[in-house]
Amino acid sequence: MSNHLALIVDDEPDIRELMMLTLGRMGIESFTAATLKEAYNLLQKHKFHICLTDMRLPDGNGLSLVEHLQLKAPEMPCAVITAHGNVESAVQALKYGAFDFVSKPIELPILRNLVKSALKLNNTSDKDRRSRDTLLGESSVMRTTRSMIAKLSRSQAPVYVSGESGTGKELVARLIHDKGPRSEGPFIPVNCGAIPGELMESEFFGHKKGSFTGAIADKQGLFLSADGGTLFLDEVADLPFHMQVKLLRAIQEKAVRPVGGDKELSTDVRILCATHKDLAQLVEAGKFRQDLFYRLNVIELRVPPLRERQQDIPQLAEHIIKKLAQQIEIAPPQLTEQAKQALYQYHFPGNVRELENILERALTLCEGEEIILSDLQLPQQAERSSPLETATETTPPPQQAVTATAANDNILLEEHLESIERELIQKALEKTRHNKTKAAELLGITFRALRYRLKKLDME
C-alpha cells in the first residue's frame, strides 16, 4: 500500500495519533486536521487517497466534509468516525455518500479492514465497470439501474434491492459485489425463507462442537464464510423476529457469536438484501423490526419489472434464445414478427424469469428455423393499448394472477410429467436401438426437440 496518502480529521489528539500510527504500520502516510477549516486547506494542497473524519468537529459536522468530497473528489472514499451505538449518524453518513463508518472506541482490526477495502477502489480504476453485457437492456430505467450499480459498488453501505419476483435482484446484487473492492472476496447468497427457524442462528453465526444435539463439529456460519466479501440476504422479509434482533446486532457490532461460543468474532462483511415484499408495509404492520429496516434500507435500489421496459424485450429474447440454443448445440431460431409483437404486448407477471421459461418451451416446440406465435403458448390476456398504461400498471389482471399462481402450484405436476416423458423417450430409444432420428419420428417430434429434451432431462 505504498504511495498512499490519508487525511485524518478529528479534534482528539489521541485518536489522530492512534490512526496515524495504525496507518503508518500499513505503509500509508497521513496528514491530520483538528477542524473542518484545516481539512479544507489540506485538501487544496494534497491529493489524498482516503479520508477518515469524525462526525463532531469544533467548527462543524463531518457530514459537511463528506458532502464536499462527493462534489469535489467523488473518487476518494471517505469514512466517518461515530460515537459508539450512534447508528442514526452512521446511517445518515452512508446516505450522504460515506464509504463506511467505524465506531468509537476504535477497534484497530476493523479500521485496518476498512482502509484496505477503501484503497482497493484506487486499484480498480481501470477495471471495466460497465454492466450492460450482464444486465441487458437499453431502456432509460435500465441505464439508470446500471448507473446506480456502478455508484453503489464504490460504497460499503447496505443496499436493499427491491423488486417483483423474477426481475433479477440477485443478479443486481452480484454485480454490485463484482464491480466493487470486495470482488476478490466471496459472494454468498442465502434464501432466508429456506432455512428452518431452529437452525437459523447456527446457519448465520456458526456453532461450536457439542453446543446442541447434532453439533458433531465446529461450523463457521454464513457471516464468517463471507468474511472479506458480501452476504446477500434474499427474501429477508421471511426472517423471524428473534433472528431480526440477532442480525441487527451482528451488523451494528460487525461481530458474531457462534452458538455455544464464549466470545464474539469480528467479521468484515458487506450486507446486501432483497425481497419481493414491501418491507415498509411490513414494518407498519409490526411484522418487521423498524430498527433493522432502517439499518438495511440505507440505500434502496429498485429493479424495474419487465412491463416497465418493453423495448428491452427483443434484446432479452435474442440473448436467451442464443444461450438456450448453445446449451443443446443447435443454431438459434429466429422469432417471427408476430411472435415478437405478442411478447411485446404480454404483461409478464413473472418478469424475466417468465420470459426465459416461455422461450425455453418455445425452443422445444418450434420446427424449422423460426419460433412462431403458437410456439410461445402465451396465457390469454387483454392487450395493452399503450406503453403509458404499461408504465402505470402495478398489478397483473386477475386472469394473469391466476395463471401465475397456477404455474407456481404446478411444480409437482411438472416433475411427474418429466418422469413420464423420460420413460417414453427411453422406450423409443430402446425400440429404435438408440437411433435418435427414428426415435423422434416415433415420438412425433422433431429431431431438434428430441435433442433438447435429452439435454434438459440429462439423458445424453
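As shown above, the structure is provided for reference.
None of the values given here were measured: they were computed from a predicted structure.

(A) The arrangement of the overall build of the protein chain in detail. Along the protein chain, the regular secondary structure elements total 21 helices and 16 strands. When each of the 460 residues of the protein chain is scored for burial, the buried share is 47%. The long-range fraction of contacts in the protein chain, counting pairs at least 24 apart against all pairs at least 6 apart in sequence, stands at 71%. With the model as given, the accessible surface of the protein chain reaches about 23300 Å², and the carbon-plus-sulfur share is 49%.

(B) Inspection of unusual backbone geometry at higher detail. Going from K104 to P105, the amide bond is cis rather than trans, its omega being -5°. Structurally, the position occupied by P105 is in the loop between β7 (100-103) and α5 (108-123). Even without glycine at this site, Q377 takes up a positive phi of about 50°. On the secondary structure map, Q377 appears in the loop between α16 (373-376) and α17 (387-392). Positive phi outside glycine occurs at R433, with the angle close to 55°. For R433, a relative accessible area of 77% puts it in the exposed group.

(C) Structural context of the environment of F232. Looking at where F232 falls in the secondary structure, it is placed in strand β10 (residues 230-234). Separated by 38 residues in the primary sequence, F232 and R270 place their C-alpha atoms 8.4 Å from one another. Look past the residues within four positions of F232 in its chain and what remains in contact with it is K169, E170, A173, F187, I188, P189, V190, L272, C273 and A274.

(D) Structural context of the sheet that holds strand β8 (residues 159-162). One open sheet accounts for 5 strands, arranged β9-β10-β13-β8-β14; its pairing is parallel. A strand with exactly one partner marks an edge of an open sheet, and here the two such strands are β9 (187-191) and β14 (299-302). Shown here is a sheet whose adjacent strand axes are inclined to one another by a mean of 20°, direction ignored. With 4 bridges connecting them, β8 and β14 associate as parallel partners. Each bridged residue has a counterpart across the sheet, and for S162 the counterpart in β14 is R302.

(E) Fine view of the packing of aromatic side chains. This structure, assessed with the given rule, holds 7 aromatic pairs. Between F187 and F232, the ring centres sit 6.1 Å apart and the planes meet at 20°, which makes this aromatic pair stacked. In this pair, F187 is assigned in strand β9 and F232 in strand β10, connecting sequence segments 45 residues apart. An identical accessibility class is assigned to F187 and F232; each is buried. Consider the rings of Y346 and F348, whose centres lie 4.7 Å apart with planes at 75°: the pair is edge-to-face. On the basis of relative accessibility, which here comes to 2%, the residue Y346 falls in the buried class. Residue class for F348 comes out buried when judged on its relative accessible area of 1%. Through successive ring pairs, a cluster of aromatic residues spans F204, F205 and F223.

(F) Just the sheet that holds strand β1 (residues 4-9), in detail. Pairing is parallel across the open sheet formed by 5 strands, whose spatial order is β2-β1-β3-β6-β7. The sheet is open, and its two edges are formed by β2 (28-33) and β7, each paired on a single side. Taking the axes of each pair of neighbouring strands and ignoring which way they run, one obtains an average angle of 20° across the sheet. Bridge count for β1 against β2 is 6 bridges, and the pairing is parallel.

(G) Summary view of helix α13 (residues 313-327). For α13, with 15 residues, the first-to-last C-alpha span of 21 Å sits near the 21 Å given by 1.5 Å per residue. For α13, the set of buried residues is I313, L316, A317, I320, I321, L324 and A325. Projected onto a plane normal to the axis of α13, the buried residues spread over an arc of 155° and lie on a single side. Looking at the packing, one finds that the buried side of α13 touches β15 (334-335), α14 (337-345), α15 (351-365) and β16 (370-371). One or two residues past the end of α13 sits E329, with phi positive at roughly 60°.

Each value, and the rule that gives it
As a convention, each chain's residues are numbered from 1 in the sequence order in which they are written. A pLDDT threshold of at least 70 governs which residues receive local features in this predicted model, and a stricter bar of 80 or more applies before side-chain atom pairs are shown or counted, although totals over entire chains, interfaces and linings include all residues. The basis for every side-chain value is the complete set of non-hydrogen atoms in the structure, without hydrogens or water. For helices the rule is a DSSP run of H or I covering at least 4 residues; for strands it is a run of E covering at least 2, with both sets numbered from the N terminus onward. For the exposure calls, accessible area comes from a 1.4 Å probe over protein chains only, and a residue counts as buried if that area is under 20% of its type's maximum, exposed if over 50%, partly exposed in between. By the convention used here, residues are in contact when the closest approach between their heavy atoms is within 4.5 Å. Using a 1.4 Å probe, the Shrake-Rupley method yields the accessible areas, and only the shown protein chains count as cover for residues. Strand pairing follows a simple DSSP-based rule, namely that at least 2 bridges must link the two strands. Think of each axis as a best-fit line through the C-alpha atoms, taken over the contacting stretch in the case of a helix, with angles from 0 to 180 degrees between the N-to-C directions. Centres within 6.5 Å make a pair out of two Phe, Tyr or Trp rings, where for Trp the six-membered ring is used; the pair is then stacked when the planes are under 30 degrees apart, edge-to-face when over 60, and tilted otherwise. The span expected for a helix works out to 1.5 Å for each residue beyond the first. Of all possible arcs, the one meant is that of the directions from the helix axis to the C-beta atoms.

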